[in-house]
Amino acid sequence: MPPPRLLLANRWSNAVAIFGNCILAGAIFTFPLFSPPLARNLRLTMQQTSIIASASILGEYASAVLWGWLADRRGPGTLSWAAAVLFGVGYGMLGWRYNVSVQMQRDGVELPTGQWMFLAFYYFLSGCATAASYFSAIIASTKSYPSRHSGLAIGIPCSIFGLSPLFLSLLAKFFTSNNVASKIESWEVAKGELDPGRWLLFLAALLAAVNALGGLVLKELPWDDDHPPRRSVPTAQGGAPPTERSSLLPTSASTDYTTLPPPPPTESQPLKQFLSDPTFWLFGFAILLSIGPCEMTMASLGAIVESLLGFHILPTTSKPSSSDPASRALGLRTLHVQIISIANTVSRLISGAVSDWLSYSAAPSPPPTRSPSPAPLSRHSRSRSRSESISISLKAYFHQSPRLTRLAFLGAATAILASAFAFTALSLDRPAGLWILSVAVGTGYGTIFTLAPAIMRTVYPVKDFGRNFGLINWFSAFGALLFTPLYGVLSDVASDKQQQENGVCYGRSCWHDVFLVSSISTVFAGVLVLVLWRGWWRGRV
């Protein structure tokens, strides 16, 4: 154990590195900001754009098992180093490829047929980097703070991660075509529109630098109360050593009638045993059916905005103003990215703190024992003793059975998502109502991704947390791969029916079917949560 001062310094540096990784790791959620000009300038269809978005989500979730396994064995710092390399390569190559392609079109050179495949691969690397950066922060926090506050230990870095799109969207305004020093006047970037090339290269440099710093700093610093206390020699009543006449059973005064939930398992669980557990599959499919539609919504937000505005934003060389189509569309996209980010953050903080408060049972207080009259206490000692007694009494009052299970919060999240998706499918036809969808998606997404790891830490062995959480994240990947391309396919079909020359789909018909399916999907997710509670996890989470 390092000296107290060094341990405190390590905890502070850990906290700073966790903050840095989390506040920037959500860069892939800025896709709605640059995807419309990216698709427009590189002549991508909605289906190809959706596949590019899905590639980053696939990289984020599919690599989670690898990062979890690596973190369990090499520590979170190794993951942060990996994130630095992948962010630099992924975003760097994506920005470079965009600039090269734009220059080719300007010179009259035809772009390669599989242009979108290169972009998808580079964005896949960025998604892998996102998972590595996020996992390094989450695992460092989870394994470095008390287990009784697992919800907050996960909820706080998750909340910072939720703020990442908001923070980065505020920086994006410095990379629009009318704000850059070189005064871009070429046809490929509309005035007032975000310049994808500059933005992506900026992300590559910033995220690589911050995660490299995290690689030097992040460590696991276990808390004392995560280790079981040493077994002491029993004593007889009154504190005397036991003799042959000492009672083998405690007296009624020391009997503990407090009902506590079973402690989380501590021994490592073989992978085969974990995969044979039915709760793993039920919980995984609940995640798939609820997170998939959320990922689809966040990836397709830029297309939804253009469809709601009712026009295709064409490049213009006119003087920028607030009435320019490009400026208006970018402003609306930025606004809703920020709404999702704020709702995501608030829900993570609230769900993490409140679920800890309502689901954690206080340890039983020691039984009263008879002892000789103590010496008179000073006024200060009596006041401190009285305060401690009040604190213990309040804790015992508020943390007693029956408890509100964390699964109740998951059920509420699926209900909110199902209602918002149904509204979008049946009623959304103007930009003014888009905030309902944005708030609901941010709230549901944040709540589920805060409580899912907290539940897994409680139910399954802590030693295998990285591996287990990584496997559960595969269900998120499958959900995103199912729903995000589905939006692109159905949107292209609706666009063909409208016979639009520019290939852009307008109106509610673009998303009616996919959001109706999403609403039904989240209802089924809520049913699976109820099955888990009634069949396996009642009284455990």
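Residues numbered from 1 in each chain as written. Predicted model: local features only at pLDDT ≥ 70, side-chain atom pairs only at ≥ 80, totals over all residues. Heavy atoms only, no water.

Undergrad: Requested: an account of the overall build of the protein, with residues and values cited.
TA: For the protein, the count of helices and strands is 17 helices and 0 strands. Taken across its 541 residues, the protein has 52% of its residues classed as buried. Pairs at least 24 residues apart make up 86% of the contacts formed inside the protein by residues separated by at least 6 positions. (Helix = DSSP H or I, 4+ residues; strand = E, 2+ residues; numbered from the N terminus. Buried < 20%, exposed > 50% of the residue type's maximum accessible area, 1.4 Å probe, protein only. Contact = heavy atoms within 4.5 Å.)

Undergrad: For a nonpolar patch on the surface, give the residues involved together with the corresponding values.
TA: Residues Val85, Val89, Met93, Trp96 and Leu201 make up a contiguous nonpolar surface patch of roughly 420 Å² in combined accessible area. The dominant element in the nonpolar patch, judged by the number of residues it contributes, is helix α5 (residues 76-106), at 4 residues. For Trp96, the location among the structural elements is in helix α5. (Patch = residues over 30% accessible without salt bridge, like charges linked within 9 Å, V, L, I, M, F, W, Y side chains within 5 Å. Areas by Shrake-Rupley, 256 points an atom, 1.4 Å probe, with all protein chains shown as cover. Salt bridge = Lys/Arg side-chain N within 4 Å of Asp/Glu carboxyl O.)

Undergrad: Outline the environment of Pro165, supporting the account with residue identities and numerical values.
TA: Tracing the sequence through the fold places Pro165 in helix α7 (residues 150-172). Given a relative accessible area of 7%, Pro165 falls into the buried group. In contact with Pro165, not counting residues within four places along its chain, are Gly26, Phe29, Val337 and Ser341.

Undergrad: Provide a residue-level description of helix α6 (residues 115-142), including the pertinent values.
TA: Between its first and last C-alpha, α6 extends 41 Å over 28 residues, near the 40 Å set by a 1.5 Å rise per residue. The element α6 is extensively covered by neighbouring structure, given that 24 of its 28 residues are classed as buried. (Expected span 1.5 Å × (residues − 1).)

Undergrad: Now, about the pattern of salt bridges: what can you tell me, with residues and values included?
TA: One pass over the full model with this rule turns up 4 salt bridges. The shortest N-O distance in the salt bridge between Glu306 and Arg40 comes to 3.5 Å. Here Glu306, found in helix α11 (residues 301-309), pairs with Arg40, found in helix α2 (residues 31-41); they are 266 residues apart in sequence, far enough to count as distant. We note that Glu306, like Arg40, is buried. Close ionic contact of Arg430 with Asp429 constitutes a salt bridge, the shortest N to O distance being 3.7 Å. Put simply, Asp429, Arg430 and Arg508 are held in one network by salt bridges that share partners.

Undergrad: Mind laying out the environment of Tyr445, listing which residues take part and the relevant values?
TA: In this structure, Tyr445 sits in helix α15 (residues 434-459). Discounting chain neighbours no more than four positions away, the residues touching Tyr445 are Phe29, Tyr61, Ile291, Cys294, Glu295, Met298, Asn344 and Arg348. Among the polar contacts listed, one links the side chain of Tyr445 to the side chain of Glu295, at a separation of 3.1 Å. (Polar contact = N/O pair within 3.5 Å; in protein donor to acceptor, adjacent residues only side chain to side chain.)

Undergrad: Pulling in residues and values, what's your account of the side chain of Ser518?
TA: Along the polypeptide, Ser518 turns up in helix α17 (residues 512-537). If we skip the residues at most four places from it in the chain, Ser518 touches Pro293, Met296, Phe421 and Phe483.

Undergrad: With reference to specific residues and values, describe unusual backbone geometry.
TA: Notably, Arg43 is not glycine yet its phi reads approximately 60°, a positive angle. One can find Arg43 in the loop between α2 and α3 (46-62).

Undergrad: Go over the nonpolar core, please, and point to the residues and values.
TA: Trp67, Tyr91, Phe283, Trp511 and Phe515 are the most contacted members of the largest nonpolar core, which totals 131 residues. For this core, the element with the highest residue contribution is α6, accounting for 16 residues. Among residues more than four places away in sequence, those in contact with Trp67 are Leu79, Ala82, Leu86, Cys128, Ala131, Ala132 and Phe135. (Core = buried A, V, L, I, M, F, W, Y, C linked by side-chain atoms within 4.5 Å.)

Undergrad: Go over the packing of aromatic side chains, please, and point to the residues and values.
TA: All chains considered together, the criterion is met by 23 aromatic pairs. The interplanar angle of 75° and the centroid separation of 5.9 Å between the aromatic rings of Phe29 and Phe161 together place this pair among those described as edge-to-face. Pair noted here: Phe29 is in the loop between α1 (4-25) and α2 and Phe161 is in helix α7, with a separation of 132 residues, a long-range link. On the basis of relative accessibility, which here comes to 11%, the residue Phe29 falls in the buried class. Three or more aromatic residues joined by ring pairs form one cluster here, namely Phe29, Tyr61, Tyr134, Phe135, Phe161, Tyr445, Phe449 and Phe469. Of note, Arg97 hangs over the ring of Phe118, and the distance from its end group to the ring centre comes to 4.3 Å. (Phe/Tyr/Trp six-rings, centres within 6.5 Å; stacked < 30°, edge-to-face > 60°. Lys NZ or Arg CZ within 6 Å of the ring centre and 35° of its normal.)

Undergrad: Residue-level account of the packing of α5 against helix α8 (residues 196-217), with values.
TA: Close contact between α5 and α8 brings their axes to 7 Å; oriented N to C, the two are set at 170°. By the angle between their directions, the pair α5 and α8 is classed as roughly antiparallel. (Axes fitted to C-alpha atoms, helices over the stretch in contact; angles between N-to-C directions. Parallel < 35°, antiparallel > 145°, perpendicular 65-115°, else oblique.)

Undergrad: Run through the packing of α2 against α8, naming residues and quoting values.
TA: When two helices pack together, their arrangement is given by the angle between the helix axes and the distance between those axes. Running from amino to carboxyl end, α2 crosses α8 at an angle of 135°, the nearest separation of the two axes being 10 Å. Our classification of the angle between α2 and α8 gives oblique. Here α2 runs over α8; the crossing is left-handed. Between α2, through Phe34, Pro37 and Leu38, and α8, the contact on the second element is made entirely by Pro196, Trp199 and Leu200. Classifying every residue of the contact of α2 with α8 gives 6 nonpolar, no polar and no charged. (Left-handed = near helix turned anticlockwise from the far one by under 90°. Nonpolar A, V, L, I, M, F, W, Y, C, P; charged D, E, K, R; others polar.)

Undergrad: Please provide a residue-by-residue account of the environment of Leu94, values included.
TA: Here Leu94 lies in helix α5. A C-alpha to C-alpha distance of 7.0 Å links Leu94 and Tyr123, two positions 29 residues apart in sequence. Setting aside chain neighbours within four positions, we find Leu94 in contact with Leu119, Tyr122, Tyr123 and Leu200.

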